[in-house]
Amino acid sequence: MTEAMDGASCGSRYSKIEEDLVVLGESFGLGEIRACDFLPNGLMNGNWRLETAAGAFALKRIMDVPLPLARRNLAVLAELADVGVPVGRPMATSSGDTVAEVAGRGYCLIPWLEGGHRPGTELTLDQARGLGVLLGRIHRNLNDERTTQRLSHGFPRPRVKSAISWCRQGVC
């Protein structure tokens with residue numbers, strides 16, 4: 001961590017990020033970490049924007065799912081990127097894992113994608129239509145044999161009935 005990081009808002013309610021950054025920088029081969037900015041909009045995980053010698057990245061502390069499930073989800077995300085779906089491809093550590101573990105805390109790293117979140121009510125009809133087409137493409141690719149094998153590996157495949165039940169319990 002550099003002197004420029006001293007004033008950065010890295011910690012917020014998520015402790016130990018400053019300590020973890022050194023290990024994460026080495027694990028992901030980021031070089032010098034020049035800036036770390038906490039992103040307050042995440043609901044389930046801690047999220048930061050990192051500026052490093054290797055570029056800008058989104059860093060997520062995984063808190064909402066067990067780490068094996070996070071690894072499975074990140075593998076699916078990489079497969080979606082492989083078939084051209086515009087998603088951020090998870091970065092791998094020097095050991096090839098997409099989750100870096102530091103003192104029992106799991107992190108994943110994705111190259112920073114410029115843009116912002118727009119509420120659905122701000123979308124034009126053409127933008128909403130394009131978003132629907134993209135969502136259909138994601139679903140089509142998630143049903144591809146290669147992806148379904150990855151999804152079912154060690155974890156039950158989510159079903160609509162289960163998702164509705166989870167939502168009623170306040171999980172989603």
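Residues numbered from 1 in each chain as written. Predicted model: local features only at pLDDT ≥ 70, side-chain atom pairs only at ≥ 80, totals over all residues. Heavy atoms only, no water.

**Some points on the overall build of the protein**
As a reminder, the rule being used: To qualify as a helix, a DSSP run of H or I must reach at least 4 residues; to qualify as a strand, a run of E must reach at least 2; elements of each kind are numbered from the N terminus. Remark: exposure states derive from per-residue accessible area (1.4 Å probe, protein chains only) relative to the maximum for the residue type, with buried under 20%, exposed over 50%, and partly exposed in between. Should any heavy atoms of two residues lie within 4.5 Å, those residues are counted as being in contact. Computed by Shrake-Rupley with a 1.4 Å probe, the accessible areas treat only the displayed protein chains as cover when residues are assessed.
For the protein, the count of helices and strands is five helices and five strands. From first element to last, N terminus to C terminus, the protein shows the α and β order α-β-β-β-α-β-β-α-α-α. In the protein, buried positions account for 33% of the 172 residues. Once local pairs closer than 6 in sequence are excluded, the contacts in the protein between residues at least 24 apart make up 55%. Roughly 10700 Å² of accessible area belongs to the protein as shown, and the carbon and sulfur atoms make up 55% of that amount.

**Looking at the nonpolar core**
Nonpolar side chains in soluble globular proteins generally cluster together in the buried interior. Quick note on the threshold: Put simply, a nonpolar core is a bunch of buried Ala, Val, Leu, Ile, Met, Phe, Trp, Tyr and Cys residues held in one set by side-chain atoms that sit within 4.5 Å of each other.
In terms of nonpolar packing, the biggest core is built from 16 residues, with L21, L24, W48, L50, L59, Y107 and L109 touching the most fellow members. At the level of secondary structure, the elements contributing two or more residues to this core comprise α1 (17–28), β1 (33–38), β2 (46–52), β3 (55–62), β4 (100–102) and β5 (105–111). The residues contacting L109, other than those within four sequence positions of it, are F28, L30, L50, F57, A58, L59, R89, P90 and M91. Formed by six residues, the second largest nonpolar core is a distinct cluster that contains L67, A70, L74 and C108.

**Topic: the pattern of salt bridges**
The criterion, for reference: For salt bridges, the criterion is a side-chain nitrogen of Lys or Arg within 4 Å of an Asp or Glu carboxyl oxygen.
This structure, assessed with the given rule, holds nine salt bridges. Of the charged contacts in the structure, one is a salt bridge between R49 and E51, with a shortest N-O distance of 2.2 Å. A relative accessible area of 18% places R49 in the buried class. Where salt bridges share partners, they join D20, R61 and R105 into one cluster.

**Remarks on the pairing of β2**
In the case of a regular strand, side chains alternate between the two sheet surfaces. Condition: Note on pairing: DSSP must find at least two bridges between two strands before they are called paired.
Burial analysis of β2 places six of its seven residues in the buried class, the great majority of the element. With five bridges joining them, β1 and β2 adopt antiparallel strand pairing. Note on β2: the bridge partner recorded for A35 is E51. Hairpin connection from β2 to β3: two residues lie between these consecutive antiparallel strands.

**A word on helix α2 (residues 67–82)**
As a reminder of what qualifies: Take the residue count of a helix, subtract one, and multiply by 1.5 Å to get its expected span.
End to end, α2 covers 22 Å across 16 residues, agreeing with the expected 22 Å (1.5 Å per residue, within 8%). For α2, every residue scored as buried is listed here: L67, L69, A70, R72, L74, A75, V76, A78, E79, L80 and A81. Directly beyond the C-terminal end of α2, a positive phi value near 95° is found at G84.

**Observations concerning unusual backbone geometry**
Positive phi, normally seen in glycine, also occurs at A103, with a value near 50°. Among the secondary structure elements, A103 is positioned in the loop between β4 and β5.

**Description of the sheet that holds β1**
So the rule is basically this: Helix axes are fitted only over the stretch in contact, all axes being lines through C-alpha atoms; the angle between N-to-C directions runs from 0 to 180 degrees.
Taken in spatial order, the five strands make up an open sheet running β1-β2-β3-β5-β4, and their pairing is antiparallel. The open sheet has two free edges, formed respectively by β1 and β4, since each of these has just one partner strand. For this sheet the average axis-to-axis angle between neighbouring strands, irrespective of direction, equals 30°. Sheet strands touched by α2: β3, β4 and β5. Its angle to β5, the strand with the most contacts, is close to 10°.

Geometry only, nothing functional implied.
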